[in-house]
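Here's the letter readout for the chains.
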Amino acid sequence: MSKQFDVIVIGAGPGGYIAAIRAAQLGMQVACIDEWKNDQGGPAPGGTCTNVGCIPSKALLQSSEYFEHANKHFADHGITAKDVKVDVAKMIGRKDTIVRQTNEGILYLFKKNKVSFFHGTGAFSRAVEGGYEITVNGAASETLVGKQIIVATGSSARALPGVDFDEQAILSNDGALALGAVPKTLGVIGSGVIGLEMGSVWRRLGAEVTVLEGLPTFLGAVDEQIAKEAKKAFDKQGLKIELGVKIGEVKKGKKGVSVAYTNGKGEAASLEVEKLIVSIGRVPNTRGLNGEAVGLKLDERGAVVVDAQCRTSLPGVWAVGDVVRGPMLAHKAEEEGVAVAERIAGQHGHVNFDTIPWVIYTSPEIAWVGRTEQQLKEQGVKYRAGTFPFMANGRARALGDTTGMVKFLADAETDEILGVHMVGPSVSELIAEAVVAMEFKASSEDIARICHAHPSLAEATKEAALAVDKRTLNF
Ligand code: FAD
Ligand code: NAI
């Protein structure tokens, strides 16, 4: 006899596990299936985000930043730190502990919310009356029937054609987060989010890092002024970034990896490195799902086709997160998961795609929400811009980190905020104020009139809003 559920969620990443919890909160009988295994073969829910993504990368970014501070910046504060060393095994062990705690936290949340968790691969077997039969292949095999199915199977690293990841010399994010020692030389293909974050970690720890990017522009999706400022900071730190390259043959040898490429000037060039990270985007995971059995439609990229509400081509089947269109971000996956659970319950779940924040956790951090100046120009929108540099912010000076700025873009007529862009210290936290403002359709004057604590980095946000009306007080 198969087990019956109102909702079966396939995948327990941020999209899936959050959808399962929200559906259970709304009174439904919920199952969540996930195949990720920890080192002992046990369940490791949390998906890419918890196991090899957001959480472990931020743990290593923090550790490596402390190391860089101790080595390079303590002296500015009159602190002598001699003989500062890195114990890579301990650093990686700390990261692994944080991952394990997060896995356990999610299992606890499933219990607390009465979500039935199944460890194994979930696959469609057939449509049945009033739902779908799903098989679980894992430690124990099960057959489940769900009235509604939520596909939240996430994404995996995209490899260069013909260059497989061995996770020893040619690394995806998995291997890049688990190196046993600091490589002398590290190559990174792709100067996107993973390339910059992982490149920063290993550069801070002592690797000589070269990033090869295919496009001629640096961080093309970021506001140009902000990207330029970030590039200046990365250049100063010694992160070598070559733009406009064309990658040729990638060969593994005894000493590492060699990459033949054509540089931005069209000249033949090569790079010899101990390790190579390939971070050129991610592909949706549908392998193992057996969507063909029920006719689940995929697009040309292999993503599950959904409408604006995350409905797939099949009645009662939904899909959320990295496996569908839109930005591959954990918080976007979570919002879609919540909205779908609410829609199944007959409520009006909603995701505002115009106010999804982006953060790149390098140093300086880069964060933004809404449209860039180049987008507004392309769209012919009349706007006013205001910027405020952290150099003129008292808290940033006290911190000893004055890189970057906050930039506001507001409608020229109505003053509604159209985009907020930041590069600098702790902007991953500062961006939340801009998201709230845009969600409430605030004007730049609204922010300019709000009392911000002094001294705080958030005062730079207020001053940038004042700058839209050319009336900064401290610059
Ligand atoms: P996933 O997290 O990929 O989870 C999918 C789950 O489904 C996995 O556990 C998978 O094993 C399981 N699964 C797949 N197929 C099956 C099946 N057939 N049966 C059972 N289980 C299955 N985003 C941010 O917002 N902030 C960040 O700082 C950030 N940092 C990142 C750093 C790195 C290095 C990487 C790689 C990604 C990062 N991301 C970040 C992106 C973020 O991890 C993803 O957007 C997010 O995890 C997507 O969530 P998801 O639930 O859609 O999929
Ligand atoms: P990405 O899309 O951010 O960047 C890939 C880069 O590789 C682009 O600049 C692209 O032009 C370049 N590229 C593609 N093919 C190439 C080739 N053949 N040769 C040279 N360059 C090439 O992808 P990335 O860094 O792999 O990350 C995947 C996704 O994971 C991100 O888009 C993001 O959604 C998510 N992520 C989010 C993080 C965050 O929110 N802080 C952190 C890390 C990942």
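Residues numbered from 1 in each chain as written. Chains lettered and ligands numbered in written order. Predicted model: local features only at pLDDT ≥ 70, side-chain atom pairs only at ≥ 80, totals over all residues. Heavy atoms only, no water.

Per an unreviewed UniProt entry, the recorded name for the protein is Dihydrolipoyl dehydrogenase, and the organism is Melaminivora alkalimesophila. If you open the UniProt record of the protein and go to Sequence similarities (unreviewed entry), you find "Belongs to the class-I pyridine nucleotide-disulfide oxidoreductase family." (UniProt positions renumbered as here; feature names shortened; annotations may be inferred.)

K.L.:
Lay out the UniProt feature "domain: Pyridine nucleotide-disulphide oxidoreductase dimerisation" (unreviewed entry) in the protein in plain terms, naming residues and giving numbers.
P.N.:
Mapped onto this structure's residue numbering, the UniProt feature "domain: Pyridine nucleotide-disulphide oxidoreductase dimerisation" (unreviewed entry) falls at residues 356-465. Regarding residues 356-465, the helix share stands at 35% and the strand share at 28%, and the terminal C-alpha atoms are separated by 20 Å. (Helix = DSSP H or I, 4+ residues; strand = E, 2+ residues; numbered from the N terminus.)

K.L.:
Break down unusual backbone geometry for me, citing the residues and quoting the values.
P.N.:
A cis amide bond, omega 0°, links Ser-363 with the succeeding residue Pro-364. Take Pro-364: it is sitting in the loop between strand 17 (358-360) and strand 18 (365-370). Residue Pro-455 follows His-454 across a cis peptide bond; omega there is -5°. One can find Pro-455 in the loop between helix 12 (444-448) and helix 13 (458-468). Its identity as a non-glycine residue notwithstanding, Asn-290 has a phi of 55°, on the positive side.

K.L.:
Residue-level account of the environment of Thr-185, with values.
P.N.:
Tracing the chain through its elements places Thr-185 in strand 8 (residues 185-189). Looking at Thr-185, the relative accessible area reads 22%, which means it is partly exposed. Every residue in contact with Thr-185, bar those within four places of it in the chain, is listed here: Glu-208, Glu-272, Val-273, Glu-274 and Lys-275. In this structure the side chain of Thr-185 is engaged in a polar contact, spanning 2.9 Å, whose partner is the backbone nitrogen of Glu-274. (Buried < 20%, exposed > 50% of the residue type's maximum accessible area, 1.4 Å probe, protein only. Contact = heavy atoms within 4.5 Å. Polar contact = N/O pair within 3.5 Å; in protein donor to acceptor, adjacent residues only side chain to side chain.)

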